[in-house]
Amino acid sequence: MGQLEELRAAIVDGQNAAAVAKVTEALASGLSPERILQEGLIAAMGETGALYQAGDIFVPEMLVAAQAMRAALGVLKPHLVKEGVASRAKVAIGTAQGDLHDIGKNLVAMFLEGNGFEVVDLGVDVAPERFVAEVNNGARAVAISALLTTTMLNMADVVNALVRANLRDQVSVLVGGAPITADFAREIGADGYARDASSAVDLLCQLLDV
Ligand code: B1M
């Protein structure tokens, strides 16, 4: 088994210590942090989802796989983000109301922070009013992540809440997550859609002109 294959297996099996050891080994052998992230960590979550969909594993196994992914990401984080970049703008990030999937959101937050944004992480299952409150507190962008086809619809409530609060003109709304598309972003009146964490950084720099 190759290094990345072993890493994926450790994550899918929910073995935190093995996942951490495999990331450490992969880094030591010179594999790039981006490759370890894409072909190791993110690919392992894809495999986990496929096993769940096939009925081969259930929610508890998905949860332990997610925990192993987090542990592995902890080792990778210092290699993925630059430290000490000047603050570009304040961004409030969270998952859509009802959505508990936070791995993608955490990656986006990590990349934004690493690229000089001040990130206010509102966590998971975020009510629209909490995003509105952060915009009142100076956030120039709102970033919402959703992984469920049911909760993605709640992203529209955030846009509508910003309109009702007369704040829509002064904030950029960025959406993302596996079921989201550029068309969906347009339909709900968001300013943009990013397919992954690094595109989220590029798009926010463009939208905010920073
Ligand atoms: Co859930 N789950 N889950 N789950 N889970 C999915 C999403 C699912 C596709 C699995 C499947 O059936 N194949 C399916 C959704 C089906 C659908 O909606 N059509 C599903 C389901 C059904 C459920 C439950 C309903 C199961 C149940 O209870 N019966 C339940 C719902 C809970 C809830 O949210 N209310 C549930 C629960 C869970 C766990 C809690 C056990 C766990 C989450 C743990 C956690 O996050 N802390 C979990 C997991 C781990 C998954 C899978 C396996 C992995 C998700 C993940 O972390 N991917 C997932 C299957 C899959 O994705 N293939 C699945 C890795 C992550 C890096 O990718 O989040 O897509 P992702 O982020 C990417 C991009 O999308 C993008 O950048 C990231 C990096 O590239 N991105 C953004 C994300 N957010 C962005 C925001 C941006 C820009 C880019 O700007 C703002």
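Above this text you will find the structure in question.
Chains are numbered independently. Their residues run from 1 in the order of the written sequence. Note on the predicted model: pLDDT of at least 70 is required for a residue's local features to be given, and 80 or more for side-chain atom pairs to be given and counted; whole-chain, interface and lining totals, by contrast, use all residues. Based on all heavy atoms of the structure, the side-chain values leave hydrogens and waters out of the count.

Peer 1: Lay out the pairing of strand S3 (residues 141-145) in plain terms, naming residues and giving numbers.
Peer 2: Among the five residues that make up S3, five are buried, leaving the element largely enclosed by the rest of the structure. With five bridges connecting them, strand S1 (residues 90-95) and S3 associate as parallel partners. Note on S3: the bridge partner recorded for Gly94 is Ile144. We call a crossover right-handed when, viewed with both strands directed away from the observer, the connection leading from the first strand over the helix to the second proceeds clockwise. In this text, helices come from DSSP runs of H or I with a minimum length of four residues, and strands from runs of E with a minimum of two, each type numbered from the N-terminal end. In this region the chain leaves S3, passes through helix H7 (residues 155-164) and returns to the parallel neighbour strand S4 (residues 172-176); the handedness of that crossover is right-handed. Summary of the burial criterion: residues with accessible area below 20% of their type's maximum are buried, those above 50% are exposed, and those between are partly exposed, where the area comes from a 1.4 Å probe applied to protein chains only. In this description, strands pair whenever DSSP reports at least two bridges between them.

Peer 1: Lay out the environment of Ala109 with the relevant residues and their values.
Peer 2: Relative to the helices and strands, Ala109 resides in helix H5 (residues 103-114). As for Ala109 and Thr149, which are separated by 40 residues in sequence, their C-alpha atoms are 22 Å apart. Here a residue-residue contact requires only that any non-hydrogen atoms of the pair lie within 4.5 Å. Excluding anything up to four places from it in sequence, Ala109 contacts Ile93, Val119 and Asp121.

Peer 1: Residue-level account of the site of the ligand, with values.
Peer 2: Nearness is defined per residue: one heavy atom within 4 Å of the molecule or strand is enough. Around the ligand lies a shell of 35 residues, among which Gly98, Leu100, His101, Asp102 and Ser145 are the nearest. Two N or O atoms form a polar contact when they lie within 3.5 Å of each other; inside protein one atom must be a possible hydrogen donor and the other a possible acceptor, and for residues adjacent in sequence the pair counts only when both atoms belong to side chains. In the environment of the ligand, a nitrogen atom lies 2.8 Å from a nitrogen or oxygen atom belonging to the side chain of Asp102. At 3.3 Å from an oxygen atom of the ligand is found a main-chain nitrogen or oxygen belonging to Ala178. Looking at the shell around the ligand, the elements that each hand over two or more residues are helix H3 (33-53), helix H4 (59-80), H5, S3 and S4. The element contributing the most residues to the shell around the ligand is H3, with six residues. Only Asp, Glu, Lys and Arg are considered charged in this grouping, and only Ala, Val, Leu, Ile, Met, Phe, Trp, Tyr, Cys and Pro are considered nonpolar; every other residue, Gly among them, is considered polar. Of the residues contributing to the shell around the ligand, the split by class is 20 nonpolar, 10 polar and five charged.

Peer 1: A description of helix H2 (residues 16-28) should follow, citing residues and the corresponding values.
Peer 2: Working rule for helices: expected span equals 1.5 Å times residues minus one. Between its terminal C-alpha atoms H2 stretches 18 Å, which fits the 18 Å expected from 13 residues at 1.5 Å a residue. Those residues of H2 that sit buried are Ala19, Val23, Ala26 and Leu27. Viewed end-on, H2 has its buried residues packed into an arc of 100°, placing them on one side of the element. Opposite its buried face, H2 presents the exposed residues Ala17 and Ala28, each directed more than 90 degrees away. Directions from the helix axis toward the C-beta atoms define the arc.

Peer 1: Summarise the packing of helix H1 (residues 3-12) against H3; cite the residues concerned and give the values.
Peer 2: The N-to-C vectors of H1 and H3 enclose an angle of 45°; their axes lie 9 Å apart at closest approach. In terms of axis orientation, H1 runs oblique to H3. In the crossing of H1 with H3, the sense of the turn from one axis to the other is right-handed. Between H1 and H3, the residues in contact are Leu4, Leu7, Arg8, Ile11 and Val12 and Arg35, Ile36, Glu39, Gly40, Leu41, Ala43, Ala44, Met45, Glu47, Thr48 and Leu51, respectively. Of the residues assigned to the contact of H1 with H3, the class counts are 10 nonpolar, two polar and four charged. All axes are obtained by fitting lines to C-alpha atoms, using only the stretch in contact for helices, and the reported angles, taken between N-to-C directions, cover 0 to 180 degrees. Oblique is the label for any angle not covered by the other classes, which are roughly parallel (under 35 degrees), roughly antiparallel (over 145) and roughly perpendicular (65 to 115). By definition, turning the near helix anticlockwise from the far helix through less than a right angle yields a left-handed crossing, and turning it clockwise yields a right-handed one.

Peer 1: Give me the nonpolar core: which residues, what numbers.
Peer 2: By size, the foremost hydrophobic cluster in this structure holds 45 residues, and its most contacted members are Ile11, Ile36, Leu41 and Phe117. Those elements that place two or more of their residues in this core are H1, H2, H3, H4, S1, H5, S3 and helix H9 (197-208). Those residues in contact with Ile36, other than ones at most four positions away along the chain, are Leu4, Leu7, Val23, Ala26, Leu27, Leu31, Leu41 and Leu76. By size, the runner-up hydrophobic cluster in this structure holds 28 residues, among which are Val120, Val132, Met152 and Val158. We call a set of buried Ala, Val, Leu, Ile, Met, Phe, Trp, Tyr and Cys residues a nonpolar core when their side-chain atoms join them within 4.5 Å.

Peer 1: Account for the side chain of Ser145, naming residues and giving values.
Peer 2: Summarising the element assignment, Ser145 is placed in strand S3. By relative accessible area, which is 9% here, Ser145 ends up buried. Not counting residues within four places of it along the chain, the set of residues in contact with Ser145 comprises Gly94, Thr95, Ala96, Lys105, Met155 and Gly176.

Peer 1: Could you give an account of the coordination of the cobalt atom of the ligand, naming the residues involved and the relevant values?
Peer 2: What the protein offers the cobalt atom of the ligand as a donor is a single atom, His101 (NE2), at 2.2 Å. Positionally, His101 belongs in the loop between S1 and H5. Here the coordinating atoms are restricted to nitrogen, oxygen and sulfur within 2.8 Å of the metal centre, or 3.2 Å for Na, K and Ca, and because water is not among them the sites may look incomplete.

Peer 1: Talk me through the pattern of salt bridges; I want residue IDs and the actual numbers.
Peer 2: Should a side-chain nitrogen of Lys or Arg be within 4 Å of a carboxyl oxygen of Asp or Glu, the pair is scored as a salt bridge. With the rule as written, the count across this model stands at nine salt bridges. Where Lys22 meets Glu25, a salt bridge forms, and the shortest distance between an N and an O atom there is 3.7 Å. Of this pair, Lys22 and Glu25 both sit in helix H2, three residues apart, which is roughly one turn of that helix. Under the relative-accessibility criterion, Glu25 is labelled partly exposed at 37%.

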